[in-house]
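This is what each chain is made of:
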Amino acid sequence: MTKLLRTIFLVDLFQGLWVTFRTQHPKNIVTEQYPEHRPKIAERYRGAPRLNINPENGQTLCISCDLCAVACPENLIIVGWVRNPETKRKDLVTFTYDTSRCMFCGLCEDACPVDALELTQDFELASYSREGAIFDRQILEEGIKPTKYRF
Amino acid sequence: MAGTFLDSTELVLNMGPQHPSTHGVLRVIVKLDGERVNGTECVIGYLHRGVEKIGENRTYTMFAPYVDRMDYVAAISNGLGYCLAVEKLLNVEATPRAQAIRVVLTELNRIASHLLWLGTHALDIGAITPLFYCMREREYTLNIFEKYCGARLTTHAFRIGGLQYETYDGFEKEVEEFCDLFLPKVDEYEELLTGNRIWRERLIGVGILNEADCKAYGVTGPMLRAAGCAWDIRKALPYSGYEKYDFEVPIRQNGDTYDRYMVRMAEMRQSVRIIRQAVAAIPEGPIMAKVPKIIKPPVGEAYVSVEAPKGELGYYILSDGTTQPYRLRVRPPSFVNLQSLDKMAKGSLVADLVAIIGTIDIVLGEVDR
């Protein structure tokens, strides 16, 4: 009998509709308005790579130890260096990081002994060409500059 | 042919690989007699990347991010299984603190995986609303992952021997908040679906797979438990300290699509129970066990299976004493469970076939590897 009444009065339907109705309230809206409002990115986010420079003298922190290139599962980091005859140290010349093959696992970051290579919170990595995804030393040091759109 | 209507012949139709309700790139060749399915044949391999072969060419540490990309919906469970297998080869055990954090994250990932399953499964059947609600709650778990390890989906959260990252400030609080928030939401989904007569009509008695068939096909996970067999690796062969936590293995008897839905809903509640216990008792201490920098396991082999959201996920590693595995084999739950599709779909309608594919909870990244 109750079952029949429930069927006639569409109790199950209205139960579901009530749930949908409850969620209509504006304070329950959870959609992010992405380009207008920037999302909060976690501090540990593994995004675009950056090669840190010493803020005091603008010198690179990288010691050309090649550990990041060894740690990378995809072999996408190429470190170019020359031996400085005066200081007997390796001087960094080029640093190439191919983000088109990168899976942002963070192993290079973990391997770096001087915290020079770092995966940052920048996440807008789209580019118009394949070459644009290959970061050279300049981009890595300055950081990516995504286009800012106005609305 | 018996069972065909008048002079009608069997129609062979391709479903997929671009069909939206095949959950990726699964191609099913369906033999149809009108609306009735006479047989199905799965064609897989559209997402094949050769993960096992990649494993043979990478060191143990390097391979860890790749396992995330098999079942990308439950990347943390994959990572846990792989790390446990290498740890077994090395004969080390993660520290108690690492184990507790691993349990918290794995169970959160189970909830995330089940939520994505519920949303897409309901969407396949025609209930669109639960998808948005499920995504809303899944966002909370993904935010926790993002804050913890810096990635949302393919997390690479665990390392061999423990963890790379210490928990962030407020991790425990945030997880507990999620638990409090999540349980009423499960009731909300149930309010939308469980009693709904369309949902019940579409699911009850569809895609029945009994216990004997499950065992014959090697089907594990919620599908096996919905058929009445209480087999859960977390209880049967506890790993990572699961024996310390008090939880139930939900089972149902009929083994149809509705029961599998009920089992997964109950599993989400049990996961919350485990998370509550684990997060309340995360011990202090180091997060990394003593593992050499260059991982070089002794000659030997190890098989470790974990209870992934989809079923038994196994890693078999054969080591020849070098830094790279000699052979690495993965037993993916979705791949094995997918075998039972033909058995379940025979004699059902095309519309039910969509429900049946959804109920297996396949991820094609894992099926094809």
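Just so we're clear, the structure is a prediction, and the values are computed from it rather than from any experiment.

A.B. asks: Just checking my understanding: could you explain the overall build of chain B for this structure?
C.D. replies: Within chain B, the regular secondary structure consists of 15 helices and eight strands. For 369 residues, the compact-globule estimate of 2.2 N^0.38 gives 21 Å, and chain B sits close to it at 21 Å. Judged by the C-alpha coordinates and their principal axes, chain B covers about 75 × 45 × 35 Å. The buried share of chain B, reckoned over its 369 residues, is 60%. Here chain B has roughly 14,000 Å² of accessible surface; of this, 56% comes from carbon and sulfur atoms. Charge-centre separation for chain B: the mean point of 42 positive side chains lies 3 Å from the mean point of 47 negative side chains.

A.B. asks: Is there a simple way to explain the sheet that holds strand E6 (residues 300–308) of chain B in this structure?
C.D. replies: Strand pairing in a sheet relies on backbone hydrogen bonds, with the paired strands running either antiparallel or parallel. Residues and elements named next belong to chain B. Read across the sheet, three strands follow the order E6-E7-E8 without closing on themselves; strand pairing throughout is antiparallel. Edge strands, defined here as strands with exactly one partner in the open sheet, are E6 and strand E8 (325–331). The average undirected angle you get between the axes of adjacent strands in this sheet is 15 degrees. Inspection of the sheet shows strand E7 (residues 311–319) paired to E8 by six bridges, in the antiparallel sense. In the strand pairing of E8, Ser 319 is matched with Pro 325. Those strands touched by helix H3 (residues 75–90) are E6, E7 and E8, and its axis lies near 150 degrees from that of E6.

A.B. asks: What's the story with helix H4 (residues 96–125) of chain B in this structure? I'm lost.
C.D. replies: Because each turn of an α-helix spans 3.6 residues, side chains separated by three or four positions in sequence point in the same direction. Residues and elements named next belong to chain B. Helix length check: H4 (30 residues) gives 43 Å between terminal C-alpha atoms against 44 Å at 1.5 Å per residue, within 8%. Among the 30 residues of H4, 26 are classified as buried, and the element is accordingly described as predominantly covered. At the C-terminal side of H4, Gly 126 shows a positive phi close to 125 degrees.

A.B. asks: Honestly, the interface of chain A and chain B in this entry has me stumped. Any pointers?
C.D. replies: By a frequent convention, interface size equals the accessible area lost on bringing the separate parts together. In this assembly, 28 residues from chain A lie in contact with 31 residues from chain B. Buried area between chain A and chain B, both sides added, is near 2,400 Å², and the carbon and sulfur share of it is 49%. Between Arg 159 of chain B and Asp 110 of chain A there is a salt bridge whose closest N-O contact spans 2.8 Å. The tally of links between chain A and chain B comes to 14 residue pairs in polar contact (both at pLDDT 80 or more). Secondary structure elements with two or more residues in the side of chain A that touches chain B: helix H1 (2–8), helix H2 (11–22), helix H3 (67–71) and helix H4 (107–111) of chain A. In terms of residues, the side of chain A that touches chain B owes the most to one element, H2 of chain A, which gives seven residues. Its residues assigned to classes, the side of chain A that touches chain B comprises 14 nonpolar, five polar and nine charged.

A.B. asks: Would you mind showing me how to read unusual backbone geometry here?
C.D. replies: Most peptide bonds are trans, and most residues other than glycine sit at a negative phi. All names here are of chain B. Positive phi outside glycine occurs at His 156, with the angle close to 55 degrees. Its place among the elements puts His 156 in the loop between helix H5 (129–149) and strand E4 (158–159). Look at His 156 and you get buried, because its relative accessible area is 3%. Located in the positive-phi region is Arg 369, a residue other than glycine, with phi close to 50 degrees. Residue placement: Arg 369 occurs in the segment after helix H15 (364–368). A residue is classified by how much of its surface remains accessible, and Arg 369, at 9% relative accessible area, is buried.

A.B. asks: Can you help me understand the nonpolar core in this one?
C.D. replies: A general feature of soluble globular proteins is that nonpolar side chains tend to end up buried together. All names here are of chain B. Counting residues in each nonpolar core, the largest one holds 86 residues, and the members touching the most others are Tyr 82, Leu 118, Tyr 148, Val 175, Phe 182 and Tyr 261. In terms of residues, this core owes the most to one element, H4, which gives 13 residues. For Tyr 82, the residues in contact, after removing those within four places along its chain, are Tyr 60, Phe 63, Ala 64, Val 67, Ile 160, Tyr 315, Ile 317 and Leu 328. With 26 residues, the next largest nonpolar core counts Val 28, Cys 214, Leu 353 and Ile 356 among its residues.

A.B. asks: Is there a simple way to think about the packing of H4 of chain B against H5 of chain B in this case?
C.D. replies: Packed helices, taken two at a time, are described by the angle between their axes plus the distance between the axes. Residue and element names in this part refer to chain B. Viewed as axis vectors pointing N to C, H4 and H5 meet at an angle of 155 degrees, and their least axial separation amounts to 9 Å. Taken as axis vectors, H4 and H5 run roughly antiparallel relative to one another. Here H4 runs over H5; the crossing is left-handed. Contacts between H4 and H5 involve Ile 101, Leu 105, Leu 108, Asn 109, Ala 112, Leu 115, Leu 116, Leu 118, Gly 119, Thr 120, Ala 122 and Leu 123 from the former and Pro 130, Leu 131, Cys 134, Met 135, Glu 137, Arg 138, Thr 141, Ile 144, Phe 145 and Tyr 148 from the latter. Of the residues in the contact of H4 with H5, the class split is 16 nonpolar, four polar and two charged.

What counts as what
- Residues numbered from 1 in each chain as written.
- Chains lettered and ligands numbered in written order.
- Predicted model: local features only at pLDDT ≥ 70, side-chain atom pairs only at ≥ 80, totals over all residues.
- Heavy atoms only, no water.
- Helix = DSSP H or I, 4+ residues; strand = E, 2+ residues; numbered from the N terminus.
- Rg over C-alpha atoms; globule rule 2.2 N^0.38 Å.
- Buried < 20%, exposed > 50% of the residue type's maximum accessible area, 1.4 Å probe, protein only.
- Areas by Shrake-Rupley, 256 points an atom, 1.4 Å probe, with all protein chains shown as cover.
- Lys, Arg positive; Asp, Glu negative; His and termini not counted.
- Charge placed at Lys NZ, Arg CZ, Asp CG, Glu CD.
- Pairing = 2+ DSSP bridges.
- Axes fitted to C-alpha atoms, helices over the stretch in contact; angles between N-to-C directions.
- Contact = heavy atoms within 4.5 Å.
- Expected span 1.5 Å × (residues − 1).
- Buried area = accessible area lost by both parts, 1.4 Å probe.
- Salt bridge = Lys/Arg side-chain N within 4 Å of Asp/Glu carboxyl O.
- Polar contact = N/O pair within 3.5 Å; in protein donor to acceptor, adjacent residues only side chain to side chain.
- Nonpolar A, V, L, I, M, F, W, Y, C, P; charged D, E, K, R; others polar.
- Core = buried A, V, L, I, M, F, W, Y, C linked by side-chain atoms within 4.5 Å.
- Parallel < 35°, antiparallel > 145°, perpendicular 65-115°, else oblique.
- Left-handed = near helix turned anticlockwise from the far one by under 90°.

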